[in-house]
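# Notes for the structure review
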Amino acid sequence: MITQELKDQLVSIVGTRFYLDSNNERYAYSYDATPLYQSMPDAVIVPGTTEEVAQILKLANEYRIPIIPRGSGTNLAGGTVPVEGGIVLHLSRFNQIYEIDRENFTATLGPGVVTSELHQAVEAQGLFYPPDPGSMHISTMGGNMAQCAGGMRGLKYGVTKDYIMGLEYVLPSGEILRCGGKNVKDVAGYDMTRLMVGSEGTLGIITEMTVKLLPLPETKRTLIAYYSNLLDAARTVEKTITSKIIPATMEFMDQATMRVVDDFVKLGLPLEMKSMLLIEQDGTEQEVDRDIEQIAEIARAQGAKIVEVAQTPQEGERLMVARRSALAALSRLRPTTILEDATVPRSKLAEIVEEIERIADKYQLQMCTFGHAGDGNLHPTCMTDERDTEEIKRVEQAFEEIFLAAIRMGGTITGEHGVGMAKMDYLGLKVGEAGLDLMKRLKAAFDPNGIMNPGKMFANSDRRRVVVKQ
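Residues numbered from 1 in each chain as written. Predicted model: local features only at pLDDT ≥ 70, side-chain atom pairs only at ≥ 80, totals over all residues. Heavy atoms only, no water.

### Quick notes on the UniProt feature "domain: FAD-binding PCMH-type" (unreviewed entry) in the chain
Mapped onto this numbering, the UniProt entry gives "domain: FAD-binding PCMH-type" (unreviewed entry) at residues 37-216. In the segment residues 37-216, helix accounts for 22% and strand for 24%; the C-alpha atoms at its two ends are 39 Å apart. (UniProt positions renumbered as here; feature names shortened; annotations may be inferred. Helix = DSSP H or I, 4+ residues; strand = E, 2+ residues; numbered from the N terminus.)

Printed below as a string of structure tokens:
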């Protein structure tokens, strides 16, 4: 509860324009892109400087008010739902790219910069920031960092944690700290930068970040292969990589996803096929031509029925856009779309796809699967209706079985979406009780009063699925 006295102090920091607490304003920040989770904050504050963030956190810590940092709210783990009320700290005003350093191959920016805007800015200077989450035209860099977002280029280039070099962050005490920087090598003490990346706003507030850049690849080409079964597609992925070819992307869609995407973007896909791979390679002209030719040979040898190479960059881009539209296409089918990101070693790709199909049949659910085949990072996606409580119960049982199957195969409960609320009950499966205990002690060292994004990551709240409509 925010008293009038505390509200007056908060308004004195940011001004009335950036303190929002009407019912409509609070409702707009009561949910994110994750279905089923909703809870009203007490207020929304939009700070404009690091010093304002520090003053707000110091007051919140004194009054024990929860703080929920937020960008565009595109996460799929319930990571920015204010499940215990408190203050949503909206960081959209930190939306400046402060510097693109062409000598050190770095960019320094605020957490409110939209991911694709960073892509465009650095590519205009011949540089490249590889992480490309599906929400990149909306999501902010702060959110990408908080959830350690991945994307379609993760196989060759890694994920967000591989590109964050330095941070400015604020602790609940109001202390402003810095870690890392532009140094390629820096082993001075614990790696606080790596600890903050993927911490989901549970430790502090990021107010500035320095990211690593690469030279922009000279060119890229796209190949598409269709299969009459799942196993041949999985074998193509495995054989390509064991042949020491690392494509920029290796995306998988099952037949159900192909049908929905084709209806959405009218590509004319061969819908009698059971699966498809969409593969993109980048680099020099010579390297790309050589790799695409070899991948096509591998795909045919592994049983691909149709192998096609995009004739122009525009055609290749059209295919990649179609893949990126998979979630939007699936969300047209029913009122609620729940997407997860169970991940397994590549050698288990066919096994987990078949297991997902078996589980969907067992619980009589409409489920499609697509994702990053090269990473073993799949997105089983269930089309359902949150008003049907009996079906939602079956959905939760099905996803629990999928998580258990992924762990049994040596995988993990989340490859790129984070834990948040959606998977906090399963974190112990991956890290064990001792690992959970150590993580909780680390959080307590940063946040002794537990005000930073409470009810996330650790299953310590009985308010998992609070729905508040006012």
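The structure having been displayed, the exposition proceeds.
### Focus: helix H4 (residues 115-123)
When we look at burial in H4, the residues that qualify are Thr 115, Ser 116, Leu 118, His 119 and Val 122. Projected down its long axis, H4 shows its buried positions confined to an angular sector of 155 degrees, all on one face. Of the surrounding secondary structure, the elements contacted by the buried residues of H4 are strand E5 (97-101), strand E6 (106-109), strand E7 (127-128), helix H5 (141-147) and strand E10 (205-212). (Buried < 20%, exposed > 50% of the residue type's maximum accessible area, 1.4 Å probe, protein only. Arc of directions from axis to C-beta. Contact = heavy atoms within 4.5 Å.)

### With respect to the confidence of the model for the chain
This prediction gives the chain a mean pLDDT of 93; 98% of its residues lie at or above 70. Segment residues 461-470 is flagged for pLDDT under 50; beyond a separation of four residues in sequence, or across chains, it makes 29 contacts in the model. (pLDDT = per-residue confidence, 0-100.)

### A look at unusual backbone geometry
At Arg 64, a position not held by glycine, the phi torsion is positive, near 60 degrees. In this structure, Glu 200 is a non-glycine residue whose phi angle is positive, near 60 degrees. Within the secondary structure, Glu 200 is located in the loop between helix H7 (192-196) and E10.

### A look at the sheet that holds strand E16 (residues 336-339)
Read from one edge to the other, the open sheet built from 7 strands follows the order E15-E12-E14-E13-E17-E18-E16, with strand pairing classed as antiparallel. Of all the strands in the sheet, just strand E15 (306-309) and E16 have a single pairing partner and so form its edges. Averaged over all pairs of adjacent strands, the angle between strand axes in this sheet comes to 15 degrees, irrespective of strand direction. With 9 bridges joining them, strand E12 (residues 219-227) and strand E14 (residues 275-283) adopt antiparallel strand pairing. (Pairing = 2+ DSSP bridges. Axes fitted to C-alpha atoms, helices over the stretch in contact; angles between N-to-C directions.)

### Some remarks on the nonpolar core
Soluble globular proteins tend to bury their nonpolar side chains together. Core analysis: the biggest nonpolar cluster contains 50 residues, and Leu 223, Phe 252, Leu 277, Ile 352, Met 367 and Phe 399 have the highest contact counts within it. Those elements giving two or more residues to this core turn out to be E12, helix H8 (230-242), strand E13 (249-254), E14, helix H10 (285-301), helix H13 (349-362), strand E18 (377-384) and helix H14 (389-408). At 8 residues, the largest contribution of residues to this core is made by H14. Every residue in contact with Leu 277, bar those within four places of it in the chain, is listed here: Leu 223, Ile 224, Ala 225, Tyr 227, Ala 233, Thr 236, Val 237, Glu 251, Phe 252 and Ala 373. Grouped together as the second largest cluster of nonpolar side chains are 32 residues, Val 11, Phe 18, Ala 43 and Ile 67 included. (Core = buried A, V, L, I, M, F, W, Y, C linked by side-chain atoms within 4.5 Å.)

### So, the sheet that holds E6
The strands making up a sheet associate through hydrogen bonds between their backbones, and the pairing can be parallel or antiparallel. Read across the open sheet, the 5 strands follow the order E5-E6-E10-E8-E9; overall the sheet is antiparallel. Because the sheet does not close on itself, it has two edges, and the strands there are E5 and strand E9 (176-180). Adjacent strand axes in the sheet meet at a mean angle of 10 degrees, parallel and antiparallel pairs treated alike. Alignment of E5 against E6, held across 4 bridges, turns out to be antiparallel. Residue pairing in the sheet places Ile 97 in a bridge with Leu 109 of E6. Lying over the sheet, helix H3 (residues 50-63) contacts strand E8 (164-170), E9 and E10, oriented at roughly 50 degrees with respect to E8.

### Topic: the layout of surface pockets
The computed volume of the second largest pocket comes to approximately 930 Å³. Together, 34 residues line the second largest pocket, and Cys 148, Lys 161, Val 197, Gly 198 and Thr 414 are the ones closest to its centre. Of all the secondary-structure elements, those providing two or more residues to the lining of the second largest pocket are H7 and helix H15 (427-446). The element contributing the most residues to the lining of the second largest pocket is H15, with 6 residues. The residue makeup of the lining of the second largest pocket includes at least three contributed by each of domain 2 (97-215) and domain 3 (219-409). (1 Å grid on protein atoms, 1.4 Å probe; cavity = no way out; pocket = protein on both sides within 12 Å on 5 of 7 lines; lining within 4 Å. Points joined across faces, edges and corners; volume = space filled by probe spheres on them. Domains from an automatic or database assignment.)

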